[in-house]
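Architecture and fold: a report
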Amino acid sequence: MSARPDLVERDAELAAVDGLIGAAAEGGGLLTIEGPPGIGKTALMVEARARGQAAGMQVASARGTEFERTFSYGVVRQLFEPLLARVSAAGRAELFAGAAALAAPLFDPARFATEPAGDWSLAVLHGLYWLTANAAARRPLLLAVDDLQWGDLPSLRWLAYLLPRMEGLGLVIVAARRAGEPGEDPALLGQILSDPLTTVVRPAPLSAAAAAGLVRGTLSADADDAFCAACHRETGGNPLLLHELVHAVAAEGVAPAAVDVTRLRALGARAGRRAVTIRLSRLPPEATRLATAVAILGDDADPGQAVVLAGLDERAAVESAGALVRADVLRPGPPFEFVHPLIRAAVYEALTPIERAAGHARAARLLDAAGADPERVAAHLLLTPPSADPGVVATLREAARRAGSRGASESAVAYLHRALAEPPPAGERADLLVELGSSEVRVSGDAAIEHLREAHALLDDPIRRAETTHLLAGQLQLFGDDQTDAVLAQALDELAGAAPELERVLEAALIVNVIFEPCIYQKAAGRLDRLRRRPAGATLGAKMLLSLLAYHDARAGAPVADVMALARRALAGGTLVTGDSPPAGFALPAMALALADLPDAEVVYDDALAAAHRQGSILKFAVAKGFRGLTFVWRGELAEAEAECREALVACEAWGSPGRISAHLAAFLADALMEQGRLDDAAAALDRAGVGEPLADSATLLSLRDSRARLRLLRGDLARGLEEMLEAGRLLAAVGGGNPAFLAWRSHAALALRQLGDEDEARRLVAEELDLARAWGAPRALGAALRAAGLVEGGQQGLALLEEAVQVLAGSPARLEHARARTELGAALRRANRRSEARDHLRHAVDLATICGAMPLAARAQSELLATGARPRRIAMSGVTALTARERRVADMAARGPTNREIAQALFVAPRTVEVHLSSVYRKLSIRSRSELAAALAERARL
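Residues numbered from 1 in each chain as written. Predicted model: local features only at pLDDT ≥ 70, side-chain atom pairs only at ≥ 80, totals over all residues. Heavy atoms only, no water.

**Focus: the nonpolar core**
- Counting 201 residues, the largest nonpolar core has Leu-128, Trp-158 and Trp-776 as the members making the most contacts within it.
- For Trp-776, the contacting residues outside a window of four places in its chain are Ala-554, Gly-557, Ala-558, Val-560, Val-563, Met-564, Ala-592, Leu-595, Ala-596, Asn-739, Ala-741 and Ala-781.
- Formed by 35 residues, the second largest nonpolar core is a distinct cluster that contains Val-294, Ala-295, Ala-301 and Phe-338. (Core = buried A, V, L, I, M, F, W, Y, C linked by side-chain atoms within 4.5 Å. Buried < 20%, exposed > 50% of the residue type's maximum accessible area, 1.4 Å probe, protein only. Contact = heavy atoms within 4.5 Å.)

Dropping the structure here:
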């Protein structure tokens, strides 16, 4: 027998624990111990913690509970609060240094009196990541989480956020999960368990031999073979059930002999929960009352509060606690904790529903009087029946505010739903509905619409109604409701000049809604024309209106200098980026800058990402990531674009966004994948958008329609691809769009028509696009139009157009389009038998396309190069121009002196990511350290 009977036949699982601890220096990953109740998960968790401590690691532990699933960041707080309590003030300051400060309010209740309301989920997640990183930097850290399936959603999100970023942190995580329990969010739990850094072990039931050893070690060394085999059979080798059965055998005085095997079946049926009830029935009633109080308060119950709830004096409490420990119900030592969740469940389920509700009501009053966190009080109130108590409503509303400030919108919604059911006093109902709808915006758009509509109907004050309309219209717009413009127009009429700034904000929302709809676009055009005659303002509403004007004019193809002036005025001061504006406020003018091939766009997206992290806005984060990804596609940073768009989609899906936003992000991702030649992956990305056919007759989904059309063309479906491309052009024209930088539908259609034999129509379309591109003037759109025109025209005129395309694109950030132009010019020169000139262009094309990651284009350029008689050559992926946008950003920052850790915090990435980027930079620049960076970056590029 092992010195630890609960670890019998667990060598493989313990070896996995040792391997994880041994890899702590590199960031070992997550080991999940999965199995049914009683299989020994908790025993393995206890041993993992002990082995981590023996290895010199910091160890923090937590347990998810059914009772506290709505308690925001409950698991996280269990992990870090003891760790923070053990350090000095200086140590605490070190742990919350840098971006970790974003998580400080989570552990400081006093901060919630001053923190503004809002969705801080991303800010808290990012802060917790750096708190974890800072803690692991002090000494390797082992985090142990039991009953992961009952973890609260915010804690699970933190774990999902942490896993991809933990490499190199000196951190390992061990978690136990009950099989068959889906948890609060099965998809999120599945994401955690399927992460590449996650290893899952599943302890098997004990063998017959091990069961016999445990029976003999506990009851009698002379226990009969048949009796031991029967014990194994009755419990299926489950260690906890076997333990309970042996306990019952000893209590009943059954002899461990073959003659008493028949009695085991009855005892086996009582093993587990019924055995606990029997054990408690043999104890004094005071002990049962104490066990009941602990079951109601939940794990880690404060002994003093449990004793008060049980109604015991000091002497009775001490005696009862000792009796429960001896009966193997509670663990020894404070705080009070059941030896196993099944024991707690047995005690709790022995209560009638009325007894449970009354117990939780008493617990809520007790905790409230003791000044407990309102969320802890609310967790009990959720389990009590409504009683029209204004105090209950007030507590639940405060708990919801705190949960929202911690980024736990689901918890806030649960508390507010319960407050609404109480119900609140009639005068508070509208305010409560607004709070509920505002929280539901981040959880369930349909529910938010329902409650915001009801609140709107109850409000009399026109300003309050207009503010509610703004929230409501935002949801209606996201879900494509055709009543959005009517709701906004009514709010503007009701205000009648009473709140000019609110009117500007509502007018911007109205224009955003109608600017994409062909049937009502003229309303937006009229409002925008009137806007041009107004004096410019510096308020948020004025900036939003300017941003819409810049976007509209960029889409229309107005002179680029005029559009840039508008976009820069809208973005000046950073109000749209850092303020509390919808994502469209910064995304639309930034897109105008990107259409003009200006580097300003990336600066805007970087600032927006920093603001999204500070504010905790997942939606702003997703939009900034996605639109920056599209900018990378246009520049030819395809790997970066793919990574950005994937991260944006994950964030957007976690937020629960409707199809419109996801459709844009999926289209951007598909664009990046198509340019890499991964057509099946691109098709899967478009399917992920969740928008079936036919597409709505709206310009809101133009990016999706354009991407699907180009995918069909690339797959050889020329007829359907051409049809959809022409439809995209029709819709764009219907909303005043003509800029080929926004959608180059004419050149794509022209090249398809050329293949189909309609050269006259192809020439007409490329001529139109070339005129529009020259009027716009930015290199990417003009170079693409010149390339298409050169291919359609052919001959000497075609060569001249292709040569102009290369000249226009040389030195521009549009490296992918430059590679295309070089390829087509080289191919045309080869066909004209000007092979020497062709080789130079094709060599550049191969290098540029390879650096971009556009492998089909690189292969074609290489094939054309070989056709000129050139020998195969190594791709020259070196020099400053070989750096990706993110590598160049990291290199520039490192050259100025910040540490890798400081760079990582500034860019909101893991330190390991910075190390990887710098390694790539050193290789491409042929240097060995950051001291050489400044000089290397100043050198002329090799391409």
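Having put the structure on the table, let's press on.
**Focus: the sheet that holds strand S1 (residues 29-35)**
- The five strands lie next to each other as S2-S3-S4-S1-S5, forming an open sheet whose pairing is parallel. Looking at strand neighbours, the two that pair on one side only are strand S2 (58-63) and strand S5 (198-201), the edges of this open sheet. Taken over all neighbouring pairs, the strand axes of this sheet differ in orientation by 15 degrees on average, direction set aside. (Pairing = 2+ DSSP bridges. Helix = DSSP H or I, 4+ residues; strand = E, 2+ residues; numbered from the N terminus. Axes fitted to C-alpha atoms, helices over the stretch in contact; angles between N-to-C directions.)

**Observations regarding the packing of aromatic side chains**
- By the definition in use, this model includes eight aromatic pairs.
- Summarising the aromatic geometry, the rings of Phe-80 and Trp-158 are spaced 6.1 Å apart at their centres and angled 80 degrees between planes, so their arrangement reads as edge-to-face. Taken together, the residues span a long stretch of sequence, with Phe-80 in helix H3 (residues 74-85) and Trp-158 in helix H6 (residues 153-162) at a distance of 78 residues.
- Overall, Trp-158 belongs to the buried group, its relative accessible area being 2%.
- Note on Phe-96 and Phe-107: the rings are 6.1 Å apart at their centroids and 50 degrees apart in plane angle, and the pair reads as tilted. In this pair, Phe-96 is assigned in the loop between helix H4 (89-95) and helix H5 (121-138) and Phe-107 in the loop between H4 and H5, connecting sequence segments 11 residues apart. In terms of burial, Phe-96 and Phe-107 fall into one category: buried.
- When the ring centre of Tyr-161 is taken as origin, the NZ or CZ atom of Arg-165, which lies over that ring, is 3.8 Å away.
- Above the ring of Tyr-348, the side-chain terminus of Arg-344 is found at 4.5 Å from the ring centroid. (Phe/Tyr/Trp six-rings, centres within 6.5 Å; stacked < 30°, edge-to-face > 60°. Lys NZ or Arg CZ within 6 Å of the ring centre and 35° of its normal.)

**Quick notes on the confidence of the model for the protein**
- Across the protein, the average pLDDT comes to 87, with 94% of residues at 70 or higher.
- Every residue in residues 113-119 scores below 50 in pLDDT, and together they form 16 contacts with partners more than four places removed in sequence or on other chains. (pLDDT = per-residue confidence, 0-100.)

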